[in-house]
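Read off the chains here:
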Amino acid sequence: MQIVIKGVASVYEPENIARMFFPGARLEKALGRGDAVLARAGRRLAAGVRLNGVCTLRFAPAPTGEKERECALAALVYELLRAVTGIRPPWGKLTGVRPVRIIHDQRAAGNTEAGIEALFVDHYDCTREKFELARGIADLQRPILARAKPLDYSLYIGIPFCPSRCSYCSFVSLSTERETKLMQPYVDALCREVEAMRKEAAACGLALKTIYIGGGTPTALAAAQLRQLMGTVRECFDLSGLEEYTVEAGRPDCTDAEKLAVLKEYGATRISINPQTFSDAVLARIGRRHTAADILRCYREARAAGHQNINMDLIAGLPGDTVEGFAQSLAAAIALSPENITVHTLTLKRASNLVIQSEEGGYADVAAMLEKCRALAGAGYRPYYLYRQKNTLQNLENTGWCKPGYEGCYNIYIMEEVHSILSAGAGGSTKLCQPGGSRIQRIFNYKYPAEYIAGFDTILKRKEGVSRFYAGYLDPQTTG
Ligand code: SF4
């Protein structure tokens, strides 16, 4: 399937809409032979689809503004493809990452509950079930967001190393076997960046609320390197007022009792052990070099080390998995009774081996898999945060579920953009949020560890942008 879009400055919205119906379709400059979606903005808008040689066209008046034209063209493509394919995407024509944010924003703007419902169900064509999911999450997040203060911030530290590469992964993640030599210089640089972050945050009077060490797989580091990094964090920051300190211990093939004890000793209050599936056959197929038994061992060791807040990630739609297999994984996770279970829907990312090698997925019905998540509600979990990504199977969502009182605050803060996130490490993107306002500025680190180490002085220089950003807002003449 090809997608051809003409006459708009940005093809983002119509392209995304077309891919909701035809995942994996290629954006082309000109129309070739075969199946295609064509969208064109001229004096009027035109959308067409050619399927098995049969063409169907629709037209609409063209609005004037550039963004309005793009959105109107996307809406026309949506109406056409919905009618021709008979598919109703569960989130309708909503293409954004943060549907819950729309509810918060609408409430803040004074829209009524009925008005918000009409916006989702009638205007966006979202199913009532998805709207209720988003609204329930918005309700649950309300008291957590209400306590956010303008000068709060979170710290993210990235460890871009893993024991092997999962086939669906598009993150920067280097093999610990091949890149062992890079790991120590990387940790040394990271510790220096954490110290620089402390200075910047202190100069701006920022208050640290949550820490998240993610990746990659942080526990891919040696126990001594974890001590070095988390020891630096402990020296730099007062951890006593933290709401949450998460460390991903995602892979049991590099996480042992000693490392789990280090995480506990140095102040982690929440860890993540990520099975993705409890099927050994699916684990092997996605390139994870561990079994379900290893996950159980890791979980037992984490509890023995004193970890009382554990998240487990599962993925719906992994190659080779089935609806029944997913339900079994869900049941296995629930049986362990972790405080959080996060259910992702498989996303076909361009940089992943899954897409690069064009693996024939044979993906099962992910909508039916997500239906099985009702078992989570039955086991006392409730959805507390949600986000969507491009190119996700059946255009579905990722949802974090938790037991009451175990909401992952960092996940909520980053998704709802309520305060700044200072990011350390390769690939880090520091997101600065204007205190009490809506302006957002980003500072990027180099993407790959070798570049990060080699260009470290530039990284430190860029970080000075944090205090420059806040300087205007902290001026007593402007803040009163
Ligand atoms: S563990 Fe996560 S970061 Fe590492 S390769 Fe797998 S998906 Fe990528």
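Computed from a predicted model, the values in this text were never measured in an experiment.

Asks: Would you mind going over the domain arrangement of the protein chain with me for this structure?
Replies: In terms of domains, the protein chain is made up of domain 1 (2-85), domain 2 (99-144) and domain 3 (147-424). Spacing between the C-alpha centres of domain 2 and domain 3 amounts to 27 Å. Taken together, the contact pairs 12 residues of domain 2 with 19 residues of domain 3. Carbon and sulfur atoms make up 61% of the area that domain 2 and domain 3 hide from each other, which totals about 1,400 Å². Three residues stand out in domain 2 for area buried against domain 3, namely Arg101, Leu140 and Ile144, and they jointly supply 43% of the buried area on that side. The salt bridge involving Glu417 is made with Arg101; its shortest N-O contact spans 2.6 Å. Counting across the domain 2 and domain 3 interface gives 5 residue pairs in polar contact (both at pLDDT 80 or more).

Asks: I would appreciate a short explanation of unusual backbone geometry in the present structure.
Replies: Excluding glycine, residues mostly carry a negative phi; peptide bonds, for their part, are mostly trans. Cis peptide bonds are those with omega within 30 degrees of zero, and the linkage from Gly215 to Gly216 qualifies with 20°. Position of Gly216 relative to the elements: it lies in the loop between β9 (207-215) and α7 (223-236). If you check the backbone angles, Ser337 has positive phi at about 60° while not being a glycine. Inspection of the secondary structure puts Ser337 in the loop between α11 (323-336) and β13 (340-345).

Asks: Would you mind going over the sheet that holds strand β2 (residues 26-28) with me for this structure?
Replies: Hydrogen bonds between backbone groups are what pair the strands of a sheet, and the pairing can be parallel or antiparallel. The strand order β2-β1-β3-β4-β5 describes an open sheet built from 5 strands, whose pairing is mixed. The open sheet has two edge strands, β2 and β5 (54-61), and neither has a second partner. If you compare each strand with its neighbour and ignore which way they point, the axes differ by 15° on average. Note that strand β1 (residues 2-6) and strand β3 (residues 36-41) share 5 bridges and pair parallel. Paired with Val4 across the strands is Leu38, a residue of β3. Its contacts with the sheet place helix α1 (residues 12-21) against β1, β2 and β3, and it is angled at close to 155° to β1. On the sheet, helix α2 (residues 66-85) packs against β1, β3, β4 (44-51) and β5 and is oriented at approximately 35° with respect to β4.

Definitions and cut-offs
- Residues numbered from 1 in each chain as written.
- Predicted model: local features only at pLDDT ≥ 70, side-chain atom pairs only at ≥ 80, totals over all residues.
- Heavy atoms only, no water.
- Domains from an automatic or database assignment.
- Contact = heavy atoms within 4.5 Å.
- Buried area = accessible area lost by both parts, 1.4 Å probe.
- Salt bridge = Lys/Arg side-chain N within 4 Å of Asp/Glu carboxyl O.
- Polar contact = N/O pair within 3.5 Å; in protein donor to acceptor, adjacent residues only side chain to side chain.
- Helix = DSSP H or I, 4+ residues; strand = E, 2+ residues; numbered from the N terminus.
- Pairing = 2+ DSSP bridges.
- Axes fitted to C-alpha atoms, helices over the stretch in contact; angles between N-to-C directions.

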